[in-house]
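# Structure assessment
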Amino acid sequence: MSADVQTPVDQTPVDPTLVGTTAATADGPRSRIPWRFIGGRVVFYLFTLWAAITLNFFLPRMLKGDAVQAFMARSRGQITPEAEQALRALFGLDKSVPLWEQYLNYWNMLAHGNLGISISTGLAPVGEAIASALPWTLGLVGVATIISFLIGTALGAVIGWRRGSRLDAFVPMTTFLGTVPYFWLGLIFIAVFSTALGWFPAGHAYEIGVEPGWNGPFISNVVSHAVLPVITIVIVSLGGWVLGMRNMMLTVLDEDYITVAQAKGMPNRRVLWKYAARNAVLPQIQSFALAIGFIVGGTLVMEMVFSYPGIGLLLLNATNAKDYALMQGIFLVLVLAVLIANVIADIAYAILDPRTRQTEA
């Protein structure tokens, strides 16, 4: 009588604290590239871009009046009918051309990097008008957004880690400051730190007469003019980052892996930043990417209060002049910035959270 010989199975001990986590599959087969997910996101973003460009084309044409009529009103009858027709052809507003043909011409212009002619900036190309204002907005609002995100996220993580301590007083304080309108706080800072104390300039990007260039005097002049707007934006936007990070920390701290990490005797600083804060910051990354995308739109009220020559003030002037070509160009840049920011957010989310890659694979 013979018995079947069974091959012994390798019973490798498994750490029970790793079961159900990404660490448990770290030594397993490598995840396949999630081509289906990548393809779906690419299709989604391409469709969104097409829809945005299409709306960008049709919406100005649905409004009453156009840039040529506004230009003729300002010229007080000095434009001849022949010149008016030439201007309409130049701006792509010739009513004798079918709308579908104008739409195709618009796509053809975009394919060649031509955003049209701006009537409110002396018939300058729209691309040049945007390029002259965009760096100021990116420098001002971009720096302020990054500073507020870093400070707010770090402060929110510490407050959440030390819940119930005196640090909790910062949450209602920063939240209250977040309800203060930009322009109101900006006017207070101008009255106190510019008019009364004379520490900082009241507005503009740099002093009149200063020669622009990559030199010390010009850079220091630009920085001094940007201090008050940056501080204003940071103070007003800080509360959202603090509150969001603090709430996510309270949720993460109740997870089992935090308890296990503390039970193993890991230093509190390592548990805080490597485990708790790293997982709690994931929703913040998504919000930060959207905030970075909307930087291009600028802070219109802030640029008006401080007379800052950014993209927001340029959009206001274009709206008042019914400069639809410039408005379309600014909206297009804003849409592209938001889409690119979302792509970066997806990539950052996958890098910070391996579970995303495994799930989509």
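### Structural notes on the overall build of the protein chain
- The helix and strand inventory of the protein chain stands at 15 helices and 2 strands.
- Here the protein chain, with 361 residues, has 34% of them falling under the buried criterion.
- Across the protein chain, every contact between residues at least 6 apart in sequence was considered, and the portion connecting residues at least 24 apart equals 74%.

### Considering the packing of aromatic side chains
- Considering all chains together, one arrives at 11 aromatic pairs under this definition.
- Here the aromatic rings of W136 and Y308 are separated by 6.1 Å at their centres, their planes lie at 85 degrees, and the arrangement is edge-to-face. Of the two residues, W136 is situated in helix α5 (residues 126–161) and Y308 in the loop between α12 (300–305) and α13 (311–320); the sequence distance between them amounts to 172 residues.
- Here the aromatic cluster, defined as three or more aromatic residues joined through ring pairs, consists of F57, F58, Y103, Y106 and W107.

### Concerning a nonpolar patch on the surface
- Together, F183, W184, L187, I188, V192, L197, W199 and V301 line one region of the surface with nonpolar side chains, adding up to about 750 Å² of accessible area.
- Mapping L197 onto the fold places it in the loop between α7 (182–196) and α8 (216–252).
- A relative accessible area of 42% means that L197 is categorised as partly exposed.

### Things to note about the nonpolar core
- Membership of the largest hydrophobic core comes to 18 residues, with the highest contact counts inside it found for W161, M245, M249, L253, I258 and A276.
- Among the secondary structure elements, those contributing two or more residues to this core are α5, α8, α9 (256–263), α10 (268–280) and α11 (282–293).
- Apart from residues lying up to four places away in sequence, A276 is in contact with M249, V252, L253, I258 and V271.
- V141, F189, M302 and Y308 belong to the second largest nonpolar core, which has 17 residues in total.

### Quick look at the packing of α5 against α10
- Where α5 contacts α10, the two axes come as close as 11 Å, and the packing angle between them is 120 degrees. Seen from above, α5 lies across α10 with right-handed handedness. Across the interface between the two elements, A154, A157, V158 and W161 of α5 pack against N268, V271, L272, W273 and A277 of α10.

### Comments concerning the environment of V281
- Its place among the elements puts V281 in the loop between α10 and α11.
- Overall, V281 belongs to the buried group, its relative accessible area being 13%.
- Between the C-alpha atom of V281 and that of A154, which follows or precedes it by 127 residues, the distance is 9.6 Å.

### A word on the confidence of the model for the protein chain
- For the protein chain, per-residue confidence averages 74 on the pLDDT scale, and residues scoring 70 or more make up 73% of the total.
- Considering each helix and strand of the protein chain separately, the mean pLDDT is smallest for helix α15 (residues 354–360), with a value of 53, and largest for α5, with 86.
- Contacts for the low-pLDDT stretch residues 1–31, under 50 throughout, to residues beyond four places or in other chains number 13 contacts.

### Points about the side chain of Q328
- Within the fold, Q328 resides in helix α14 (residues 324–352).
- Setting aside chain neighbours within four positions, we find Q328 in contact with N56, F57, P60, R61 and Y106.

### What to know about the environment of M327
- Positionally, M327 belongs in helix α14.
- The class for M327 is buried, based on a relative accessible area of 11%.
- Between the C-alpha atom of M327 and that of N56, which follows or precedes it by 271 residues, the distance is 8.9 Å.
- Beyond its immediate chain neighbours, meaning those up to four positions away, M327 contacts L315, A318 and T319.

Conventions adopted
- Residues numbered from 1 in each chain as written.
- Predicted model: local features only at pLDDT ≥ 70, side-chain atom pairs only at ≥ 80, totals over all residues.
- Heavy atoms only, no water.
- Helix = DSSP H or I, 4+ residues; strand = E, 2+ residues; numbered from the N terminus.
- Buried < 20%, exposed > 50% of the residue type's maximum accessible area, 1.4 Å probe, protein only.
- Contact = heavy atoms within 4.5 Å.
- Phe/Tyr/Trp six-rings, centres within 6.5 Å; stacked < 30°, edge-to-face > 60°.
- Patch = residues over 30% accessible without salt bridge, like charges linked within 9 Å, V, L, I, M, F, W, Y side chains within 5 Å.
- Areas by Shrake-Rupley, 256 points an atom, 1.4 Å probe, with all protein chains shown as cover.
- Salt bridge = Lys/Arg side-chain N within 4 Å of Asp/Glu carboxyl O.
- Core = buried A, V, L, I, M, F, W, Y, C linked by side-chain atoms within 4.5 Å.
- Axes fitted to C-alpha atoms, helices over the stretch in contact; angles between N-to-C directions.
- Left-handed = near helix turned anticlockwise from the far one by under 90°.
- pLDDT = per-residue confidence, 0-100.

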